[in-house]
Each structure stands twice: as structure tokens, then as C-alpha cells.
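# Reading the structure
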Amino acid sequence: MSKKYSVILLVVIILFALTAGFFVYPQNKISRFRPWKLGLDLVGGSHLIYEVDMSQINKGDKESVINGLKEVIEKRVNLFGVSEPRVTASKVGESYRLIVELAGIKDVSEAVKEIGSTPFLDFRETQTISDGKIQFTPTNLTGRYVEGAQIDFNNTTGAAQVNIQFNSEGAKIFEDLTEKNVGKPLAIFLDNELIEMPMVREKISGGRAQITGKFTVDEAKKIVERFNAGALPAPINLVSQQTIGASLGSESLKKAVKAGVYGTLSVMIFMLFYYRRFGIFASLALVIYIALTLMVFKGLAITMTLSGIAGFILSIGMAVDANILIFERTKEEVKKGLSRLSAIEEGFKRAWLSIRDSNISTIITSIILYYFTTSFVKGFALALLIGVLISMFSAITVTRTMLRVFVKNPKL
């Protein structure tokens with residue numbers, strides 16, 4: 001790479017880093033339109049406890065039902081913009097509960113409404129008893145088997161209706177249910193309210209059902225939206241609600257930021273003391289790395305929690321590892337008799353394999369943590385993953401470009 005090109009690239013990197021620094025600074029005009037997103041442990045929010053009605057769920061299915069509820073509620077909350085909801089399950093005696101934490105939401109009435117109004121759909125068999133009254137018997141076919149829903153209109157009356165598609169397991173249950181009840185009405189309940197009781201004329205295969213009732217087009221659209229967001233596999237009831245203050249989180253944030261600053265300064269002092277002039281380049285690259293990483297966090301609107309900040313601070317230390325490997329390899333090449341510039345190029349070339357392998361192992365670990373753990377650990381994993389990816393750029397591109405531009409004298 002020519003010296004002229006390296007100078008241009010370095011100017012671009014510095015300008016980009018300055019822009020990133022201005023973008024991430026919390027007290028500027030940009031922050032009004034693109035503020036930092038902070039988690040419940042930093043800004044406070046609301047703590048909700050729901051009790052799950054498992055009375056109609058088989059004992060062997062309760063674990064899968066509670067896991068399905070967690071996924072549905074997380075999806076529902078994310079749809080109306082709550083930052084990184086944390087949903088956990090607990091069991092108290094024979095009672096199953098879901099704990100929902102909503103960051104930054106002080107007035108949770110709308111959130112509670114949305115979570116609680118996620119429809120519980122179930123099909124019930126009917127039986128005529130005395131005086132023509134009908135008795136309803138619950139079945140295994142519920143909203144947990146819903147795969148998708150679409151709004152439709154009756155060709156004759158033009159009335160709105162909802163078509164739902166069951167998954168493969170639900171399709172088999174629906175087929176057996178209709179075969180068993182040919183010539184009988186099959187009741188459809190939504191949130192324990194009877195909305196339709198169509199007559200089963202034949203066995204229905206393919207897993208398709210139709211919900212018709214006296215609801216408007218807007219109501220039908222709402223039902224479709226809720227089913228596509230996830231129908232509850234079991235009813236839930238809100239038993240506790242409280243608001244969490246952010247004072248403790250604010251203090252923890254200050255301590256975390258202070259620890260990050262002290263840690264960064266300590267690393268820079270060590271690099272300057274041990275590697276002298278090379279340490280200057282490593283320190284500048286570290287500052288650029290911090291600005292770029294924070295810009296990615298804020299630009300992608302990633303919710304920052306204490307665990308995420310911990311992952312970011314850890315990545316700062318790891319970002320220097322690559323520079324250390326490069327500098328040590330460069331020193332070895334100088335001892336072999338290579339000129340300073342040639343030793344730098346060879347040092348980068350030989351150190352790259354070690355940098356690549358060590359970072360790939362961290363990336364794999366971060367991905368596993370992100371996909372197979374709770375949302376609290378996910379914040380740590382995501383911050384670490386982004387930090388590692390950007391640190392590879394800062395070490396290989398930023399540090400290398402600065403050395404190419406400023407290293408001239410064969411004796412440093």
C-alpha cells in the first residue's frame with residue numbers, strides 16, 4: 001500500500017472517529033432524536049407478575065407451555081417498543097408464574113393491556129343436556145397450535161372473518177376432533193367467551209379453521225395481529241404490579257463508567273510504558289475503537305444494561321491483545337535483521353493467524369451465549385460480540401495504517 005493512500009485512509013478514519021465521538025456524546029442535539037436505550041437495571045421501569053392457569057394443561061406439557069408463554073410475551077412486548085423485556089418463569093408450590101420486567105416504562109397500563117389481551121383461543125366439544133342447554137367440554141386444541149392467521153370476508157354476507165392455520169400437531173388434533181364430532185356443533189372460545197359454534201359436517205384435514213362472529217373489520221384485524229404475534233397457550237392473570245426506581249441503576253451506571261475509564265487509562269499507561277512509541281499508536285487505536293463501538297451500540301439502538309456494559313469493558317481489554325501480539329511479532333522480526341517497516345508488515349502478517357483464531361473462539365462463545373441464555377446474559381454476549389468484531393478492525397486497519405504513516409526511522 002502506498003504512503004499517500006495510507007495517509008488518506010488515516011484521515012478518513014480519524015474524521016469518522018471524531019464524528020462517532022460526537023454522535024455518542026449524551027449531551028448534544030443528536031441525543032434528542034437518537035437517545036441511548038438503557039435497560040431496566042439502569043433506568044427503572046415496571047415489574048409485573050402473571051399467574052398461569054395450568055388447570056387444562058396435561059402435566060407432561062406444562063414445561064413446554066410455560067416456555068411458549070415466555071416467547072409469546074417477549075414477542076408481544078417487543079412489538080410496542082419496550083426495551084429489552086426480561087421474562088422469567090417461576091414455580092411457587094403448584095402455581096406457575098411469569099415475571100415480566102419492562103425497562104423505562106413507568107405508566108404500564110397500555111403494556112399490561114396488550115400483554116393481557118393476547119387472545120386465548122380454545123375449541124370445546126358440545127353436549128346437549130336437560131332443557132336444551134348445552135354443556136361445553138374443553139379439548140386439547142388451543143391457541144398454542146396456531147401457526148398463522150389472515151383476515152377474510154364472507155362471499156355472501158361480506159362479514160369479516162378470521163382464517164387460522166394450525167401447525168402439524170394442531171392439524172392432527174383438529175382433524176381428530178372434527179371426525180369425532182361430525183353432525184355436532186364445535187364451540188370456539190376466545191378469552192373464555194363463546195364467539196362461534198359452527199356445525200361440523202365432515203372431518204376436516206389440512207389444519208385450517210375459520211372464526212366468524214359479530215365483530216367489525218377492525219376487531220378482526222386486531223385478532224389477526226394478535227394471533228400472528230403469538231396466541232397464549234394458557235390463560236394468564238396479573239397478580240402483582242410495581243414500579244422500580246432507577247436510583248440504584250443510576251449509581252451502578254456511574255460506577256461502571258468510572259471502572260471503564262480507569263481500566264482504559266490503566267491499559268494505555270501500560271502500553272506507553274512497555275512499548276513506548278508503539279504504545280502511542282495502540283492507545284490512539286484504542287480510543288478510536290471505543291468511539292466506533294459506542295457508535296454501533298447507539299446507532300443500532302441496542303439496549304444497554306449493566307451486563308452489556310460489562311461485556312463492552314471486557315472487550316476494551318481484549319482489543320489491546322491484538323496490538324500486543326502484533327508488536328511482539330514485530331520485535332522478533334527486527335531481531336532477525338529486517339528493517340522497521342518490513343518488520344511491521346511481517347509482524348502483522350504473522351500475528352493475524354493468532355488474532356483470528358482467538359477472536360473466532362470468542363465470537364463462537366458469544367453467539368452461543370446470545371442464543372441459548374436469558375435476555376440478561378444476551379446483553380453481555382451481544383456487547384462482547386460487537387466489541388470483538390470492531391477490535392479486529394481497529395487492530396488490523398487502524399493501528400497498521402498509523403504505523404505505515406508515521407514510522408520512517410529504522411530506529412525507534
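Look up a bit, the structure's there.
What you see is a predicted model; the values in this text were computed from it and never measured. (Residues numbered from 1 in each chain as written. Predicted model: local features only at pLDDT ≥ 70, side-chain atom pairs only at ≥ 80, totals over all residues. Heavy atoms only, no water.)

Side chains of Ile360, Ile364, Ile367, Ile368, Tyr370, Tyr371 and Phe372 sit close together on the surface and give an oily, nonpolar patch of about 730 Å² of accessible area. Relative accessible area serves as the criterion here: at 46%, Ile364 is assigned to the partly exposed category. (Patch = residues over 30% accessible without salt bridge, like charges linked within 9 Å, V, L, I, M, F, W, Y side chains within 5 Å. Areas by Shrake-Rupley, 256 points an atom, 1.4 Å probe, with all protein chains shown as cover. Salt bridge = Lys/Arg side-chain N within 4 Å of Asp/Glu carboxyl O. Buried < 20%, exposed > 50% of the residue type's maximum accessible area, 1.4 Å probe, protein only.)

Next up on the list: the pattern of salt bridges. Across all of its chains, the model carries 12 salt bridges by this definition. Of the charged contacts, one joins Asp176 and Lys172 as a salt bridge, the two residues approaching to 2.8 Å between their closest N and O atoms. Residue Asp176 and its partner Lys172 are located together in helix 6 (residues 168-180), separated by 4 residues, close to a single helical turn. As a salt-bridge pair, Glu333 and Arg329 come within 3.8 Å of each other at their nearest N and O atoms. Of this pair, Glu333 and Arg329 are both found in helix 10 (residues 306-335), 4 residues apart, which corresponds to roughly one turn of the helix. Given a relative accessible area of 3%, Glu333 falls into the buried group. (Helix = DSSP H or I, 4+ residues; strand = E, 2+ residues; numbered from the N terminus.)

On to the sheet that holds strand 5 (residues 134-142). Within the open sheet, the 4 strands sit side by side as 5-4-8-9. Their pairing is antiparallel. In this open sheet, the two strands that pair with only one neighbour each are strand 5 and strand 9 (193-196). Within the sheet, the average angular offset between the axes of one strand and its neighbour, ignoring direction, is 45°. Taken together, the 6 bridges between strand 4 (residues 121-128) and strand 5 define a ladder with antiparallel strand orientation. Across the sheet, residue Thr128 finds its bridge partner in strand 5, namely Ile134. Lying over the sheet, helix 6 contacts strand 4, strand 5 and strand 8 (186-190), oriented at roughly 155° with respect to strand 5. (Pairing = 2+ DSSP bridges. Axes fitted to C-alpha atoms, helices over the stretch in contact; angles between N-to-C directions. Contact = heavy atoms within 4.5 Å.)

In this section: unusual backbone geometry. The bulk of non-glycine residues show a negative phi, and the bulk of peptide bonds are trans. Backbone geometry places Arg276, a non-glycine residue, at a positive phi of 55°. Relative to the assigned elements, Arg276 resides in the loop between helix 8 (247-275) and helix 9 (277-299). By relative accessible area, which is 59% here, Arg276 ends up exposed.

Reading across from one edge, 6-7-10 is the order of the 3 strands in this open sheet, with antiparallel pairing throughout. Edge strands, defined here as strands with exactly one partner in the open sheet, are strand 6 (146-153) and strand 10 (208-212). Averaged over all adjacent pairs, the angle separating strand axes in this sheet is 25°, with direction ignored. Docked against the sheet, helix 6 engages strand 7 (160-166) and strand 10, running at close to 110° with respect to strand 7.

Attention now goes to the side chain of Thr139. Structurally, Thr139 is set in strand 5. Looking at Thr139, the relative accessible area reads 14%, which means it is buried. Only 2.5 Å separates the side chain of Thr139 from the backbone oxygen of Phe123, close enough to count as a polar contact. Once residues within four sequence positions are removed from consideration, Thr139 is found in contact with Phe123, Arg124, Glu125 and Leu177. (Polar contact = N/O pair within 3.5 Å; in protein donor to acceptor, adjacent residues only side chain to side chain.)

To continue, consider the packing of aromatic side chains. This model, assessed by the stated rule, comprises 11 aromatic pairs. An aromatic cluster is built from Phe270, Tyr274, Tyr275, Phe278 and Phe327, whose rings are joined through pairwise contacts. The ring of Phe23 carries the charged tip of Lys298 above its face, separated from the ring centre by 5.2 Å. We note Lys378 situated over the ring of Tyr370; from NZ or CZ to the ring centre the distance is 5.6 Å. (Phe/Tyr/Trp six-rings, centres within 6.5 Å; stacked < 30°, edge-to-face > 60°. Lys NZ or Arg CZ within 6 Å of the ring centre and 35° of its normal.)

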